[in-house]
2 protein chains.
Amino acid sequence: MKDQHRLHSVLPRPTTATIQTGRLPIDQSLRIDIEGDTGDLLSSTIDRFINRLAKRTGSIIPVQLPNATVFSQITIECAGPTERVQSVNADEGYALIITSKGARLTAANALGVMRGFETVLQLVDIDDAGFYLPAVDIDDRPRFPWRGLMLDVTRHYMPLIDIKRTLDLMACVKLNVLHLHLTDDQGFNIESRKFPKLHERGHNGAYYTHDDIHAIVDHARDRGIRVVPEFDVPGHTAAWFAAFPHLAGYPGDYTPDRWYGSNPRNKDPQYCPAMDPTLEETCAFLDELFGEMTALFPDQYFHIGGDEVTPHHWLNNPAIVEFMNTHGFAHPPALQAYFNSRLVEIVRKHGKTMIGWDEVLHPDIPKDIAIQSWRGADSLAEAARQGHPAILSNGYYLDLMYSAEAHYSQDPLTGAAANLPPHQQANILGGEACMWSEYVTPEILDDRLWPRLAVIAERFWSNGDVSDIDNLYARFPSILRHLTWDGLKTEPTRSMMFERLTGGSPTDTLRTFAECLEPAKGYARRGYMTTSPLNRLIDTVPPESLAARNFARLCDAPRENAAAIDAHLRRWKSTLPDVTELMTRRALIKPYLPVLDQLATVLDIGLTALAYLDGSAPDGWVDEQTPAIDEAAKDIAEMTIAIVPSIRQLVDTLHSD
Amino acid sequence: MKDQHRLHSVLPRPTTATIQTGRLPIDQSLRIDIEGDTGDLLSSTIDRFINRLAKRTGSIIPVQLPNATVFSQITIECAGPTERVQSVNADEGYALIITSKGARLTAANALGVMRGFETVLQLVDIDDAGFYLPAVDIDDRPRFPWRGLMLDVTRHYMPLIDIKRTLDLMACVKLNVLHLHLTDDQGFNIESRKFPKLHERGHNGAYYTHDDIHAIVDHARDRGIRVVPEFDVPGHTAAWFAAFPHLAGYPGDYTPDRWYGSNPRNKDPQYCPAMDPTLEETCAFLDELFGEMTALFPDQYFHIGGDEVTPHHWLNNPAIVEFMNTHGFAHPPALQAYFNSRLVEIVRKHGKTMIGWDEVLHPDIPKDIAIQSWRGADSLAEAARQGHPAILSNGYYLDLMYSAEAHYSQDPLTGAAANLPPHQQANILGGEACMWSEYVTPEILDDRLWPRLAVIAERFWSNGDVSDIDNLYARFPSILRHLTWDGLKTEPTRSMMFERLTGGSPTDTLRTFAECLEPAKGYARRGYMTTSPLNRLIDTVPPESLAARNFARLCDAPRENAAAIDAHLRRWKSTLPDVTELMTRRALIKPYLPVLDQLATVLDIGLTALAYLDGSAPDGWVDEQTPAIDEAAKDIAEMTIAIVPSIRQLVDTLHSD
């Protein structure tokens, strides 16, 4: 289909889309007509659309200009009202037909209109006659009804403004669930009016007031996003015990944890805290607290966490051990299952449906309880097989610094789930990307989320066969541009962070140098506190270097691309003297001198290998490089040199000669 | 003095400052002690300082870390309380002594502490050991007590968030007055609860509610900034008459003006509106309205405008003419003087001191009335000579697109004012930069204000002999960095605006090309409405091209800099093919093809002139270039080619051979 590349900028890819011939001008004569249902939500949706269109085009776009004689008309056909509280099964589909005569957006409710407007905004283009929409036929609906982001706001509190911006950006890529991880060992970051000591003693720097929560819920609702709160029990609860130590499974003088990683690695029972699930008082307390909290969050689902319960508290407390014996609980998971059955009652009493992490899954738990799988595709499939609604988070941990490609290749319906019969597959509602915030401050939140979250959003929305990786990366500039119009601040923030690293000296050289580097993957960082500054090179460079990725593509065909590869290597090498000098003078980058040394080594190996492409490599040279390449492939100062695999590939090319 | 360049980043320059030997570390052990007065204002000042320091360093800086054993201590010695309503004569001086043992900031009140904190933040540096403050002795106080910005929020309404950001940035450079031009022909942009029709019918897209005004006043107060409101009467009042046509000097069916420039150029009386100053009802109305508005703004001064009253209404209205005859008013200015005497009574009745533009100056007006001079240094001096408090705005009109250098060279105490005796000079309180907003949307506000407003701020604060132009420009990067940490968004906005121009194509080439261009100076734009899009190249490039300025410096010594000049010319020339192609394809830059043609011509002339530096120019060649250079020196498509004077200089070099 000709001109199909005009759909390039639409992410997630629509279910079906066909470019037609023609253009619809977007100018001050634009008029929006509404047919069918009108309502507050639709009206605010249209206002926001107009404002965003005005921002992108730099124009003041009146919905109806008094004296305009020519109209570009967009007709919104909204079949019916929108649920007061958005449900998991809400219809988000829409149809969009644009011709040179006008556009028509048809949807069952305001949610579909919202999703359609995102597509319209991504289609806006400019030619020599002005802004316009290309003629197109689109029919679009999501593959999964649950497309979320779990945001940990305890390890670092995220101010309201950052939450709102994140909701704006999530809406851009048609995500529909924000799961807020509100409590953990490090913080109880939400106001409780029933138990004010919880936030007063338990918060990590700041907490959300009830007004803040209302603001978040309203902002999300206006964007077609559900807000699911998580109160993680019975583990991950040190901050709770700062207020109510008697609820702990083990007596102690608790404070919110200021270090990371103490649970479950730390063997001191006081620092692997878990609630005492045997006390009626614990259940009475949670009943009252959850009563308050379920009233704050209108969503049907209420997340009780339930993950990573360390048994030290329980097994060291004679009363708990006796309770287990009396009730025939052979091991701590059985005790947790009992506790979960109590939680089910409490949550149900308050009119909500419980959701928990993997560990909540147990044969006795009611089938309506939803399971969020962080451990893998197998546990997801098992939950679905047992008849539970299930969502996948394994493979979507954005804090682990993996590439967009790695996340894109993960699919809720692959692995064990692929072999389930359809009625069990239907239990898989979708997934949630997870952003644990040990190493994420509000300053770097955008960089750590985007564009990788957009990639996951496409995985959750688009057909399962949408999987062209190179095409995905080619669409990054346009999706980042769209997100930036709606508030994404990655680039300006990164500029200032680089200036912080150089102390105001020019940053170009350091930025070029840093193209070769990425933060080390997985759980590579150690020894941090909640108050540790996150202001070094590792915090400044993106999780994935697109320059390194492009370089890797060149190295796939080293002979054809020899000149380009050479230019890249020399460009990076040319930065080394300046960067060395800068690193010795500036405290925040000084720790990376060993990285620079390793990089210098592999750049030289790469340049030498290039020179040997003519077959002139001395005998044994290739094998001699292995130790140095292996060394450079290791994490150094929490960083990884992203071009090492490409250098290895270059060298191996000679081997195969 | 060695290391005096470390003061480079401090703007405005302190009264006296001496760098000493030593460094005070800035880290998580920082502690702030307060001596003398404490109070709400001081406490919020310190909180904001800590937050800003944390942002710049990327650290969480607790005021007091529980287990810290080593302290970097900053002692704040605040001698006394701060006035509840900041007066013109408030003491803003401070002393700052930093040694390797600690820092001491001494001031008479919280305002001085605020000013001192700005200096501290600008001094923060980083070396191989971390962030620190250099040892320094500073004694600093402003030259003028009134250092302001007049912001026109009627031609384009500026949302609260933009006003707040502007206040933040003004505080960075120690400005202390925000003068809000709230009403004009195009809009009555403030809520009146006494006369709601005023804002309902008179607003230009939006208006400030009372809550908004409280928020602005509070935000300003926290930053040591006075807010002076202006209600411009009796001219510039078309928007008022949309609500109350009977107050107009001439009957008509009024609406807020949607075009610019109708007053005073348009001769149709209905569009040069002025209030009927002869009606008692006019005065009664203003009495009631000003009663409401003076209660909203705590500042002592209340601005009644008074500028550019066009006499058409009055002279075409027989009743007004008869009133003039009866009272012996020979001409309209005499009638306005009568009206002003009534305004003086009204403003005084509500406990305020009146301020007005030049035209208010009249022998009969009380001496406490302040005069804001927009017409020139002569009228400023005349006001001061007559005993009026006077402030200068002439020469500080940021909307006219003049260079930082042009504004910097303007001084309230030069010209006629220089010859006044000291007791009359003392009447000159300072000045206000003016930003009329016909061609300023919220999107480009930051670019249109900064860094030129910082330059004017230094003129108002620092000693009159601080006048090194090249040094001023050399300090731009550091001052822009400081402003960016506090919210300045010029660069990210410009990036997105360039992407809008190219429709998502790469912007580098267009940006390089645009280095040669500036918006035409003065009142060069015609035919715009309040709803006209401001989204073209003229709106995207900065008022002053620093690249063009640097090029001009090179051309001051063409032989020495021949290679560098050649490189610049070739770099710009290399953009022409791509930019030509882009301009033919994109509507927002298509109008600039004639500019490109002229630029191509002068680039070639420049390159040829360079080649002739060896004396090889043919006879007459130099003179033959004059017509082409003259042509290129004209405004084209509202733009000016900023490198033309340099090209002329290059060619003239050959002439003088």
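See the structure printed just above.
Residues numbered from 1 in each chain as written. Chains lettered and ligands numbered in written order. Predicted model: local features only at pLDDT ≥ 70, side-chain atom pairs only at ≥ 80, totals over all residues. Heavy atoms only, no water.

Novice: What is the right way to read the pattern of salt bridges from this model?
Specialist: Pairing between side chains becomes possible if they bear opposite charge and their charged atoms approach one another. As enumerated under the stated definition, the model contains 90 salt bridges over all chains in all. The salt bridge partner of E77 of chain B is R104 of chain B, with a shortest N-O separation of 2.3 Å. Of this pair, E77 of chain B sits in strand β3 (residues 72-78) while R104 of chain B sits in strand β5 (residues 102-107); the two residues are 27 residues apart in sequence, bridging distant segments of the chain. Its relative accessible area of 28% is what places E77 of chain B among the partly exposed residues. By relative accessible area, R104 of chain B is classed as partly exposed at 31%. Each of D447, R448, E491, R494 and R511 of chain A takes part in a single network of salt bridges with overlapping partners. (Salt bridge = Lys/Arg side-chain N within 4 Å of Asp/Glu carboxyl O. Helix = DSSP H or I, 4+ residues; strand = E, 2+ residues; numbered from the N terminus. Buried < 20%, exposed > 50% of the residue type's maximum accessible area, 1.4 Å probe, protein only.)

Novice: How do you make sense of the environment of P533 of chain A when you look at a structure like this?
Specialist: In this structure, P533 of chain A sits in the loop between β18 (517-519) and α21 (537-540). Counting along the chain gives 92 residues from P533 of chain A to T441 of chain A, while the straight-line C-alpha distance between them is 9.1 Å. In this structure, P533 of chain A is in contact with Q28, G58 and S59 of chain B, ignoring residues within four places of it in sequence. (Contact = heavy atoms within 4.5 Å.)

Novice: Honestly, the nonpolar core in this entry has me stumped. Any pointers?
Specialist: General note: in soluble globular proteins, nonpolar side chains tend to be found buried as a group. Ranked by internal contacts, the top residues of the largest apolar core, which has 96 residues, are L151, I163, W240, L286, F290 and W450 of chain B. Among the elements that make up this core, the one with the highest residue count is helix α7 (residues 280-296) of chain B (seven residues). Each residue touching W450 of chain B, except ones within four places of it in the same chain, is listed here: L169, M170, V173, L483 and L488 of chain B. Grouped together as the second largest cluster of nonpolar side chains are 95 residues, Y157, L198, V217 and L380 of chain A included. (Core = buried A, V, L, I, M, F, W, Y, C linked by side-chain atoms within 4.5 Å.)

Novice: Can you help me understand the interface of chain A and chain B in this one?
Specialist: Each side of the interface is counted separately: chain A has 35 residues, and chain B has 35 residues. A combined buried area of about 2700 Å² lies between chain A and chain B, and 59% of that area is made up of carbon and sulfur atoms. Sorting the residues of chain A by area buried against chain B places I126, M496 and R500 of chain A first, and these three jointly supply 21% of that buried surface. Our count for the contact surface shared by chain A and chain B stands at four salt bridges. Residue R481 of chain A is joined to E499 of chain B by a salt bridge in which the shortest nitrogen-to-oxygen separation is 3.4 Å. (Buried area = accessible area lost by both parts, 1.4 Å probe.)

Novice: Sorry, what's going on with the relation of the copies chain A and chain B here?
Specialist: Relating one copy of the chain to the other takes a rotation about an axis and a shift parallel to that axis. Superposing chain A onto chain B requires a rotation of 180° together with a translation of 0.0 Å along the rotation axis, leaving an RMSD of 0.0 Å. The transformation just described matches what one would write down for a two-fold rotation axis. Rotation axis and chain A: the residue whose C-alpha lies nearest the axis is P492 of chain A, separated from it by 3.0 Å. (Least-squares fit on C-alpha atoms with pLDDT ≥ 70 in both.)

Novice: Mind showing me how you'd approach the packing of aromatic side chains here?
Specialist: What describes a pair of aromatic rings is the distance from one ring centre to the other and the angle between the planes of the rings. A complete count under the given rule lists 48 aromatic pairs over all chains for this structure. Centre to centre, the rings of F188 of chain B and F231 of chain B are 6.3 Å apart; their planes meet at 50°, and the pair counts as tilted. Of this pair, F188 of chain B sits in strand β11 (residues 187-188) while F231 of chain B sits in the loop between β12 (226-230) and α6 (238-243), and the two are 43 residues apart along the sequence. Overall, F188 of chain B belongs to the buried group, its relative accessible area being 0%. Ring-pair connections join several aromatic residues into one group, and the members of that group are F188, F195, F231, W240, F244, F285, F290 and F302 of chain A. Residue placement shows K174 of chain A over the ring face of W461 of chain A; its charged tip is 5.7 Å from the ring centre. Residue placement shows R459 of chain B over the ring face of Y408 of chain B; its charged tip is 4.4 Å from the ring centre. (Phe/Tyr/Trp six-rings, centres within 6.5 Å; stacked < 30°, edge-to-face > 60°. Lys NZ or Arg CZ within 6 Å of the ring centre and 35° of its normal.)

Novice: What should I look at first to understand the side chain of H407 of chain B in this one?
Specialist: All names here are of chain B. Its place among the elements puts H407 in helix α12 (residues 404-408). A residue is classified by how much of its surface remains accessible, and H407, at 1% relative accessible area, is buried. Polar contacts involving the side chain of H407 include one to the main-chain carbonyl oxygen of G395, which spans 2.7 Å. The residues contacting H407, other than those within four sequence positions of it, are G395, Y396, Y397, L398, Y402, R452 and I456. (Polar contact = N/O pair within 3.5 Å; in protein donor to acceptor, adjacent residues only side chain to side chain.)

Novice: Could you clarify how one ought to interpret the side chain of S393 of chain B in this entry?
Specialist: Residue and element names in this part refer to chain B. Considering the arrangement of structural elements, one finds S393 in the loop between β16 (390-392) and α12. At 2.9 Å, the side chain of S393 and the side chain of Q372 are in polar contact. With residues near it in sequence (within four places) discarded, S393 still touches W357, Q372, S373, E432 and C434.

Novice: What should I look at first to understand helix α10 (residues 318-327) of chain A in this one?
Specialist: A turn of α-helix holds 3.6 residues, and therefore any two residues three or four places apart point the same way. Residues and elements named next belong to chain A. I320, F323 and M324 are the residues of α10 that are buried. When α10 is viewed along its axis, its buried side chains cluster within an angular range of 100° and face the same direction. Facing away from the buried surface of α10 by more than 90 degrees, the exposed residues are P318, E322, N325 and T326. Looking at the packing, one finds that the buried side of α10 touches α9 (312-315) and α11 (332-349). N-capping of α10 is provided by N317, with a side-chain oxygen placed 3.0 Å from the backbone N of A319. G328 sits one or two positions beyond α10 and adopts a positive phi of about 75°. (Arc of directions from axis to C-beta.)

Novice: Could you clarify how one ought to interpret the packing of helix α23 (residues 562-574) of chain A against helix α25 (residues 593-611) of chain A in this entry?
Specialist: Pairs of packed helices are described in terms of their axes, by the angle between the two and the distance that separates them. All names here are of chain A. Viewed as axis vectors pointing N to C, α23 and α25 meet at an angle of 155°, and their least axial separation amounts to 10 Å. Viewed along their axes, α23 and α25 adopt a mutual orientation that is roughly antiparallel. Considering only the axes of α23 and α25, their crossing is left-handed. Here A562, I565, D566, L569, R570, W572 and K573 of α23 lie close against α25, whose contacting residues are L603, D604, G606, L607 and L610. Of the residues belonging to the contact of α23 with α25, the class tally is seven nonpolar, one polar and four charged. (Axes fitted to C-alpha atoms, helices over the stretch in contact; angles between N-to-C directions. Parallel < 35°, antiparallel > 145°, perpendicular 65-115°, else oblique. Left-handed = near helix turned anticlockwise from the far one by under 90°. Nonpolar A, V, L, I, M, F, W, Y, C, P; charged D, E, K, R; others polar.)

Novice: I keep staring at the environment of R459 of chain B and nothing clicks. Help me out?
Specialist: Residue and element names in this part refer to chain B. Inspection of the secondary structure assignment puts R459 in helix α15 (residues 452-461). C-alpha of R459 to C-alpha of D411: the two residues are 48 residues apart in sequence and 6.9 Å apart in space. Residue contacts for R459: discarding those within four places in its chain leaves R143, F144, Y396, Y408, Q410, D411, P412, G464, V466 and S467. Side-chain polar atoms of R459 contact the backbone oxygen of V466, separated by 3.1 Å.

Novice: Could you clarify how one ought to interpret the pairing of β3 of chain B in this entry?
Specialist: Residues and elements named next belong to chain B. For β3, a buried count of five out of seven residues is recorded, marking the element as mostly surrounded by other parts of the structure. Relative to β3, strand β2 (residues 30-36) runs parallel, the two sharing seven bridges. Within β3, the residue paired with G36 across the bridge is C78. The pairing of β3 with β5 spans five bridges and is parallel. (Pairing = 2+ DSSP bridges.)

Novice: Is there a simple way to think about helix α5 (residues 210-222) of chain B in this case?
Specialist: Residue and element names in this part refer to chain B. Here α5 contains 13 residues, and its C-alpha end-to-end distance of 18 Å stays within 8% of the 18 Å for a straight helix at 1.5 Å per residue. For α5, the set of buried residues is H210, D212, I213, I216, V217, H219 and A220. Turning to α5, the residues buried within the fold contact α3 (160-172), β9 (177-181), β12 and α7. Two residues or fewer after α5 comes G224, characterised by a positive phi angle close to 70°. (Expected span 1.5 Å × (residues − 1).)

Novice: Explain empty space enclosed by the protein to me, please; I cannot follow it from the model alone.
Specialist: It is the rolling of a water-molecule-sized probe over the atoms that shows where space remains empty. All names here are of chain A. Taken as a whole and judged by the stated rule, the model has three cavities of 30 Å³ or more. Estimates place the volume of the largest cavity at around 50 Å³. E443, I444, D447, T490, T493, R494, M497, D539 and T540 together form the lining of the largest cavity. Elements with a minimum of two residues in the lining of the largest cavity: α19 (490-502) and α21. Taken together, the residues of the lining of the largest cavity break down into two nonpolar, three polar and four charged. (1 Å grid on protein atoms, 1.4 Å probe; cavity = no way out; pocket = protein on both sides within 12 Å on 5 of 7 lines; lining within 4 Å. Points joined across faces, edges and corners; volume = space filled by probe spheres on them.)

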